[in-house]
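Observations on the three-dimensional arrangement
Letter by letter, the chains look like this.
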Amino acid sequence: MEHEIKIDNRGDFGLWAIEVAKQIISSEGFELARAARDGTDDDVRAAGNALGQAITNAMMEIYDGLIDRADEG
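Residues numbered from 1 in each chain as written. Predicted model: local features only at pLDDT ≥ 70, side-chain atom pairs only at ≥ 80, totals over all residues. Heavy atoms only, no water.

Thoughts on the overall build of the protein
- The secondary structure content of the protein amounts to two helices and zero strands.
- Relative to a compact globule of 73 residues, whose C-alpha radius of gyration would be 11 Å, the protein shows 15 Å and is clearly more extended.
- Projected onto its principal axes, the C-alpha coordinates of the protein cover approximately 50 × 20 × 20 Å.
- Out of the 73 residues in the protein, the part that is buried amounts to 15%.
- Contacts in the protein between residues at least 24 apart in sequence constitute 45% of all its contacts with a sequence separation of at least 6.
- Within the structure as shown, the protein displays about 5700 Å² of accessible surface, and the carbon and sulfur contribution to it stands at 55%. (Helix = DSSP H or I, 4+ residues; strand = E, 2+ residues; numbered from the N terminus. Rg over C-alpha atoms; globule rule 2.2 N^0.38 Å. Buried < 20%, exposed > 50% of the residue type's maximum accessible area, 1.4 Å probe, protein only. Contact = heavy atoms within 4.5 Å. Areas by Shrake-Rupley, 256 points an atom, 1.4 Å probe, with all protein chains shown as cover.)

Topic: the pattern of salt bridges
- Inspection of every chain in the model, using the stated rule, returns four salt bridges.
- A salt bridge links Lys22 to Glu19, with the nearest nitrogen and oxygen atoms 3.1 Å apart. In this pair, Lys22 and Glu19 both sit in helix H1 (residues 10-38), three residues apart, roughly one turn of the helix.
- Linking Asp38 and Arg37 is a salt bridge whose minimum nitrogen-to-oxygen distance equals 2.6 Å. (Salt bridge = Lys/Arg side-chain N within 4 Å of Asp/Glu carboxyl O.)

A few points about the environment of Asp12
- Relative to the elements of secondary structure, Asp12 occurs in helix H1.
- Residue class for Asp12 comes out partly exposed when judged on its relative accessible area of 26%.

Observations regarding the nonpolar core
- Membership of the largest hydrophobic core is limited to eight residues, which are Ile7, Trp16, Val20, Ile24, Leu51, Ala54, Ala58 and Ile62.
- Residue contributions to this core peak at four residues, all from helix H2 (residues 41-72). (Core = buried A, V, L, I, M, F, W, Y, C linked by side-chain atoms within 4.5 Å.)

With respect to a nonpolar patch on the surface
- There is a patch of nonpolar side chains on the surface, built from Met60, Tyr63 and Ile67 and spanning about 280 Å² of accessible area.
- Position of Tyr63 among the secondary structure elements: in helix H2.
- For Tyr63, a relative accessible area of 45% corresponds to the partly exposed category. (Patch = residues over 30% accessible without salt bridge, like charges linked within 9 Å, V, L, I, M, F, W, Y side chains within 5 Å.)

Here we look at a negative patch on the surface
- Side chains of Glu4, Glu61, Asp64, Asp68, Asp71 and Glu72 sit close together on the surface and give a patch of like negative charge.
- Mapped onto the secondary structure, Asp68 falls in helix H2. (Lys, Arg positive; Asp, Glu negative; His and termini not counted. Charge placed at Lys NZ, Arg CZ, Asp CG, Glu CD.)

Encoded structure:
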């Protein structure tokens, strides 16, 4: 997410997905849990939306990389 990686096979993709999931959960998942514990309904909704957006951003990042590679080939 912060640097370019090379995904040549299913295993590489799996490792990328695990690392991205850990990053997302450690930041956005924590915020959602904190909002659920201490926040209002609006706080929980905002934190849930941020979690969903982080997942979307990660998926779009890998899709964009796949499209770029297809255009090169």
